[in-house]
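Overview (structure and organization)
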Amino acid sequence: MRTPEQIWEDADLPTRRLAGLALNPSASVDVLLRLLADAPPAVRMVLCRDRDLPLAVVDAVVEHPDRRTRGFFAANPHVDPAQRARLLHDQDWFVRGHLADGPLVSFPHRPRPLPDEAIVHMICAYEAEHLGSYRFHQQMSAALIQSMPTHPVPEVRCWGVSGWGQLPADTRAVLLADPDDSVRERAQNHARYEDPAWVESVLPARPCHGRTDILLQRALSRAVVDSVLTAPAQPDERATIAGNPTLPPDVVVLLAADPDPKVRERIARRPDLRPTERRALVDDADPEVRRAAAHHPDLGPAERAALAADPDPGVRLAVSVHPALTEEERARIDYEAPMDGRFGFRHVSVRPEPRDPEAVRRKALSGHPMLRREAAEDRALPTDLVARLAEDDDLGVRVLLAQNHPDAPEALLLRSFLEYTGPERENLIARPNFPHAGLAALADHEDPRVRALAARDPDTAPATAERLTRDPDPDVRVALARHPNLPRPRLAELLHDEELAHAAAANPALDPATIDRLLTTDGRSPDADPGPAA
């Protein structure tokens, strides 16, 4: 079976014109239905996967005889998930599998969740192979995920057990006594990992993911710890167990002086360090170890002072955000906030930590840009702090606010896009408040991504739109080929362009006569018939 990429690669110019027509916002329901009924596979793929659809077209898609066509709709990120859920009982496993796998959306975006009842039906009725992907989990609502451990349906409770480590003790106890055998057995399997003797009995002898998982986070017996110290299955296992919360205190002391700096670094991050070992790691010869130690919550004044004067800039930066420091003490540290990092969208856990509004405010008002950056990621930041951080002198603060806050101002979003060129820059354009008006003024910008913004401005002059369809950058050309102000002669010309015909056919200014000719000629003739020769 051909992949979507192969389907598109095999599409000829007439087919690509029809595929553009399938995306045209001016195309009527009748046009879309005709494409759905008669067009080649590449057109149906674009129509069913890459746009929102009127209800009448959705009705026809759900009943379409071709399973690939229904499968493309099952993974459409643009339609209401409740409409996709109409394929829940599709006769073909291929379609059901695509529905469970869900839409493919670029990070950091997630598809809108399917209705809870649809997810519950899948868990109860679909084969396990259809539910194994991460994208299936992404289609669950936060409310459903939180309710899973106590859900009335046993199959759903089985899924809820998977979050064992985050469940309250009373919820664990209820699951361990669950009336359903499968739920109870799964809960018991998780609980066994808290029994060092049982963990020792199932520890693989050879290196593998299962062994690494156990050494990292499961309850370790003294025999397992001693075996890693004396005869590890692979060289890095001392570093692996260094972060295990069940490590005996005397082994923590031993590993704090390990000759491998990776081991000492892991130990330095432990909250259960004794003052003697903590002080030794603060004075460690390896800067990575000192950086890890700088984050320890129990650092005393002398330790903080030593790290604040450390010759390594990374150590000084790490300790400069320590919660025990005053603003005056932070200001005296010679640190430099990095500007080459990722200033992007921050996902919120299904079970987020309790939010302390006063702590967020302190960070937002701090003189330290790294703390203000943390505050800028808070989606619940109040209006006064949004206004303040939108004018912050730190690029990271401004961009993180623009990427994360639902009410980020228009001016901030545009400024951030103009100034930030790092990862997830394009996400700024997708923010609800990103402006449209005035973007034509950027048509001559040196950055092609900025020039392409002119395609979003409804007032871009026809001459500017035409010029940008000849831009050196292909993305700019494609974007402006869809601008409704593009002069008609140039739009007609682009319908013959191998590169831009697809985008030109999606232009909402395409006249009805051209649309009808494309339909009646299967995309082969976008031009008017000149009539018989004289």
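Read on for an overview of the structure. Since this is a predicted model, take the numbers as computed values, not measurements.

The rules we used
- Residues numbered from 1 in each chain as written.
- Predicted model: local features only at pLDDT ≥ 70, side-chain atom pairs only at ≥ 80, totals over all residues.
- Heavy atoms only, no water.
- Core = buried A, V, L, I, M, F, W, Y, C linked by side-chain atoms within 4.5 Å.
- Buried < 20%, exposed > 50% of the residue type's maximum accessible area, 1.4 Å probe, protein only.
- Helix = DSSP H or I, 4+ residues; strand = E, 2+ residues; numbered from the N terminus.
- Contact = heavy atoms within 4.5 Å.
- Axes fitted to C-alpha atoms, helices over the stretch in contact; angles between N-to-C directions.
- Parallel < 35°, antiparallel > 145°, perpendicular 65-115°, else oblique.
- Left-handed = near helix turned anticlockwise from the far one by under 90°.
- Nonpolar A, V, L, I, M, F, W, Y, C, P; charged D, E, K, R; others polar.
- Arc of directions from axis to C-beta.
- Phe/Tyr/Trp six-rings, centres within 6.5 Å; stacked < 30°, edge-to-face > 60°.
- Lys NZ or Arg CZ within 6 Å of the ring centre and 35° of its normal.

Now for the nonpolar core. By size, the foremost hydrophobic cluster in this structure holds 70 residues, and its most contacted members are Leu21, Leu35, Phe73, Leu99, Met122 and Phe136. At six residues, helix 4 (residues 41-49) tops the list of elements feeding residues into this core. Excluding residues that lie within four positions of it along the chain, Phe136 makes contacts with Ala100, Asp101, Ile119, Met122, Ile123, Leu131 and Trp159. Of all hydrophobic cores here, the second largest spans 34 residues; its members include Leu220, Val225, Ala256 and Ala293.

A separate point is the environment of Leu389. Counting through the fold element by element, Leu389 comes out in helix 28 (residues 383-390). Apart from the residues lying within four places of it in its own chain, the contact partners of Leu389 are Ala364, Arg372, Ala375, Ala376, Leu381, Val397, Arg398 and Leu401.

Axis separation between helix 2 (residues 13-23) and helix 3 (residues 29-38) bottoms out at 10 Å; the angle between their running directions is 140 degrees. It follows that helix 2 is oblique to helix 3 by the angle criterion. Handedness of the crossing formed by helix 2 with helix 3: left-handed. In contact with Leu18, Leu21 and Ala22 of helix 2, helix 3 contributes Val31, Leu32 and Leu35. Its residues assigned to classes, the contact of helix 2 with helix 3 shows six nonpolar, no polar and no charged.

The backbone of Glu424 sits at a positive phi, close to 70 degrees, despite the residue not being glycine. Take Glu424: it is sitting in the loop between helix 30 (410-419) and helix 31 (448-451).

Along an α-helix, residues three or four positions apart point the same way, because every turn accommodates 3.6 residues. For helix 21 (residues 275-282), the full list of buried residues reads Glu277, Arg278, Leu281 and Val282. On an axial view of helix 21, the arc spanned by its buried residues comes to 140 degrees, and they lie on one face. Turned more than 90 degrees away from the buried face of helix 21, the exposed residues are Pro275 and Thr276. For helix 21, the secondary structure elements touched by its buried residues are helix 19 (249-255), helix 20 (261-268), helix 22 (287-293) and helix 23 (301-308).

In the structure shown here, the tally under the stated rule is five aromatic pairs. A centroid spacing of 5.0 Å and a plane angle of 85 degrees characterise the contact between Tyr193 and Trp198, whose relative ring orientation is edge-to-face. Here Trp198 falls in the partly exposed class, since its relative accessible area comes to 25%. Their ring planes at 35 degrees and their centres at 5.7 Å tell us that Phe343 and Tyr420 sit as a pair that is tilted. Taken together, the residues Phe343 in the loop between helix 25 (327-331) and helix 26 (357-364) and Tyr420 in the loop between helix 30 and helix 31 connect sequence positions 77 residues apart. Overall, the relative accessible area of 4% leaves Phe343 in the buried class. A cation over an aromatic ring shows up here: Arg218 above the ring of Tyr193, its NZ or CZ 4.3 Å from the ring centre. Directly above the ring of Phe417 sits Arg425, whose terminal nitrogen or CZ lies 4.2 Å from the centroid.

Note that every value here comes from positions in space, so none of it alone points to a role or purpose.
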